[in-house]
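Analysis of the macromolecular model
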Amino acid sequence: MASLDNLVVTTALPAIRSDLGGGLAELEWTVSAYTLTFAVLLLFGAALGDRFGRRRLFMVGLGIFTAASAAAALAPGIDGLIAARALQGVGGAIMMPLTMTLLTVAVPAARRGAMLGIFGAANGLAVAGGPLVGGALTEHLSWQWIFWLNVPVGVLLLVLARLRLAESYAPDARLDVPGTLLASGGLFGIVFGLINGHVDGWTSASVLGSLTAGVLLIAAFVRHGMVAARPLLPMRLFRDRGFAGINAASALMFLGMFGSIFLLSQFLQGVVGYSPTEAGLRMLPWTAMPLLVAPFAGLLSDRIGGRPVVAAGLALQALGLALFALVLEPGVSYPAQLPALIVSGVGMALFFAPAASVVMSSVRPGEQGMASGANNALREVGGALGIAALGAVFAARGGYGSPQTFVDGTVPALWIGAAAVAVAAAAALLIPGRRGTAAEREPVREAEGLPRERERERERQQEQAGV
């Protein structure tokens, strides 16, 4: 449910706009309110579970998510929908980071490999099916059903979680409230300024003040991560160029991808004239390709290392967005769009398959949980910033006035998205080769330290014996 709700609303945006009204800024917030709250509270949600009980907080997050889904379906106006989407993000941020820990406790060690495969497939299917599920429900029922769908599933899961999941805690877990407030305020300020820049004016006091405050708060968050004893996100992790490279690549990848899908899903309906279901189906070569290519990409990554596979995937994703920008026009045929969809889908698959293992191998074993949470959070941040940034380009160069003005705004936005993903490919080259990761260096350090430790122990024994 949490992964599905990232993209399920994209193919419903034209119907929401027709039913509830609102302009580009409100549509952007309909998506970004979820991704932004999800991103900034993800690490804090994991810490809450460690402190107060993972099953208990999982159920709290699930309850919030389910109730917020019902509120979104019942929203009388666009502002109510945005507020409900933000609350959905809060619930998702609490429940999502605890799922892996709860699964690890629930499944025997011998079956955890299969569990991880099922878990990854479920997430991949949710991302791939988001636009299609949203389009089908919108067309055949109503857009409200993309949220009503969560309610019976959420209620059933609450019962199953209470009966089937074991409670667990983390020793000496601490909460970083100042870090959470700094990150939340900073990201909200930046996204608010980007989304409202074309409405209020880029030189208006509200936009300039929001952007300035956001940048200053993010700078304070970085400083906090350097000096605090137990920060939400320790900045020392970014000293490893592999960790810095894969996280920069992930954030930029989601910036270009989410912003592009936000506009293209509306283009397929509002300009080309597809129904919501047809739009979701026609995006499957892009969104569903990871289900087909990811297993082979994983094998390739195991053989030659993650860096070349991630970099190649990002380069193909950038090429796919560039191909879209080249062919986009009001009367474009689907065969003309197909090469861009396939290339983008293959690129996405090559990125997703090895990205998680690259993140894990860039840090020591005891830091892998924190590293995974940080990477997921930065991806969501990239998505929220992408919708805001590409939406700002779209508003500056085009709009909803006619099919041609929509294309006039979308094409330069796609070029910006392609450029962001191309920079992500360059950032991926910072990732060390197979023998340069932190996880692989750690045994070497231990092995090198062992003779020295034995020598020190021998000297201590000689001193005690009077030698």
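Attention here is on the structure that accompanies the text. (Residues numbered from 1 in each chain as written. Predicted model: local features only at pLDDT ≥ 70, side-chain atom pairs only at ≥ 80, totals over all residues. Heavy atoms only, no water.)

1. Some remarks on the overall build of the protein
Looking only at helices and strands, the protein features 20 helices and zero strands. Looking at the protein as a whole, 51% of its 467 residues are labelled buried. For the protein, restricting intrachain contacts to residue pairs at least 6 apart in sequence, the fraction spanning at least 24 positions comes to 82%. Per element, the accessible surface of the protein, about 19900 Å² overall, is 66% carbon and sulfur. (Helix = DSSP H or I, 4+ residues; strand = E, 2+ residues; numbered from the N terminus. Buried < 20%, exposed > 50% of the residue type's maximum accessible area, 1.4 Å probe, protein only. Contact = heavy atoms within 4.5 Å. Areas by Shrake-Rupley, 256 points an atom, 1.4 Å probe, with all protein chains shown as cover.)

2. A short note on the packing of aromatic side chains
Inspection of every chain in the model, using the stated rule, returns eight aromatic pairs. Measuring from ring centre to ring centre gives 6.1 Å for Trp 286 and Phe 324, while their planes differ by 35 degrees; the resulting arrangement is tilted. Of this pair, Trp 286 sits in helix α14 (residues 284-287) while Phe 324 sits in helix α16 (residues 306-327); the two residues are 38 residues apart in sequence, bridging distant segments of the chain. Joined through ring pairs, the aromatic side chains of Tyr 34, Phe 38 and Phe 65 make up one cluster. For the cation-ring pair, Arg 282 lies above Tyr 274, with the distance from its terminal atom to the ring centre recorded as 4.3 Å. Its guanidinium or amino end placed over the ring of Tyr 334, Arg 282 lies 5.4 Å from that ring's centre, counting from NZ or CZ. (Phe/Tyr/Trp six-rings, centres within 6.5 Å; stacked < 30°, edge-to-face > 60°. Lys NZ or Arg CZ within 6 Å of the ring centre and 35° of its normal.)

3. Thoughts on the layout of surface pockets
Approximately 1000 Å³ is the volume found for the second largest pocket. At the level of secondary structure, the elements contributing two or more residues to the lining of the second largest pocket comprise α4 (54-73), α6 (99-106), α7 (112-140) and α9 (150-164). Top contributing element to the lining of the second largest pocket by residue count: α7, with seven residues. The class makeup of the residues in the lining of the second largest pocket is 23 nonpolar, four polar and one charged. (1 Å grid on protein atoms, 1.4 Å probe; cavity = no way out; pocket = protein on both sides within 12 Å on 5 of 7 lines; lining within 4 Å. Points joined across faces, edges and corners; volume = space filled by probe spheres on them. Nonpolar A, V, L, I, M, F, W, Y, C, P; charged D, E, K, R; others polar.)

4. With respect to empty space enclosed by the protein
Scanning the model with the defined rule gives one cavity of 30 Å³ or more in all. Roughly 50 Å³ of volume is contained in the largest cavity. Around the largest cavity, the lining residues are Leu 264, Leu 268, Arg 282, Met 283, Trp 286, Phe 324, Tyr 334, Gln 337 and Leu 341. Broken down by element, the lining of the largest cavity gets its largest block of residues, three residues, from helix α17 (residues 334-361). A per-class count over the lining of the largest cavity returns seven nonpolar, one polar and one charged.

5. A few points about helix α3 (residues 24-52)
With 29 residues, α3 extends 40 Å from end C-alpha to end C-alpha; this agrees with the ideal 42 Å at 1.5 Å per step. When the local axis directions of α3 are compared, the greatest deviation, roughly 50 degrees, occurs at Leu 42. Downstream of α3 by one or two residues, Gly 53 has phi in the positive range, about 115 degrees. (Expected span 1.5 Å × (residues − 1). Bend = angle between axes of the 7 residues up to and from the residue.)

6. Quick notes on the environment of Asp 302
Mapping Asp 302 onto the fold places it in helix α15 (residues 289-304). Classification of Asp 302 by relative accessible area gives exposed; the value is 56%. Sequence separation of Asp 302 and Pro 354 is 52 residues, and the distance between their C-alpha atoms is 8.4 Å.

7. Points about the environment of Phe 267
Along the chain, Phe 267 turns up in helix α12 (residues 241-270). In this structure, the C-alpha to C-alpha distance between Phe 267 and Pro 14, residues 253 residues apart in sequence, is 9.6 Å.

8. Concerning the side chain of Arg 379
Within the element layout of this structure, Arg 379 appears in helix α18 (residues 368-397). What makes Arg 379 buried here is its relative accessible area of 12%. Setting aside residues no more than four positions away along its own chain, Arg 379 makes contact with Ser 250, Phe 254, Phe 351, Phe 352 and Ala 355.

9. Thoughts on a nonpolar patch on the surface
On the surface, a cluster of nonpolar side chains totalling about 310 Å² of accessible area is made up of Val 153, Leu 156, Leu 157 and Leu 160. Mapped onto the elements of the fold, Leu 156 is located in helix α9. (Patch = residues over 30% accessible without salt bridge, like charges linked within 9 Å, V, L, I, M, F, W, Y side chains within 5 Å. Salt bridge = Lys/Arg side-chain N within 4 Å of Asp/Glu carboxyl O.)

10. Quick notes on the packing of α4 against α6
Helix packing for two helices is described by the angle between their axes and how far apart those axes are. Close contact between α4 and α6 brings their axes to 10 Å; oriented N to C, the two are set at 135 degrees. Between α4 and α6, the angle falls in the class oblique. In terms of crossing hand, the pair formed by α4 and α6 is left-handed. Here α4 contributes Arg 54, Arg 55 and Phe 58 to the contact with α6, which in turn contributes Thr 99, Thr 101 and Leu 102. Its residues assigned to classes, the contact of α4 with α6 shows two nonpolar, two polar and two charged. (Axes fitted to C-alpha atoms, helices over the stretch in contact; angles between N-to-C directions. Parallel < 35°, antiparallel > 145°, perpendicular 65-115°, else oblique. Left-handed = near helix turned anticlockwise from the far one by under 90°.)

11. Digging into the packing of α16 against helix α19 (residues 403-428)
It is the contact of α16 with α19, at a shortest axis distance of 8 Å, that shows an interaxial angle of 170 degrees. By the criterion of interaxial angle, the relationship of α16 to α19 is roughly antiparallel. Along its contact with α16, which presents Arg 307, Val 310, Ala 311, Leu 314, Ala 315, Gln 317, Ala 318, Leu 321, Ala 322, Phe 324, Ala 325 and Leu 326, the element α19 presents Val 411, Leu 414, Trp 415, Gly 417, Ala 418, Val 421, Ala 422, Ala 424, Ala 425 and Ala 428. The class makeup of the residues in the contact of α16 with α19 is 19 nonpolar, two polar and one charged.

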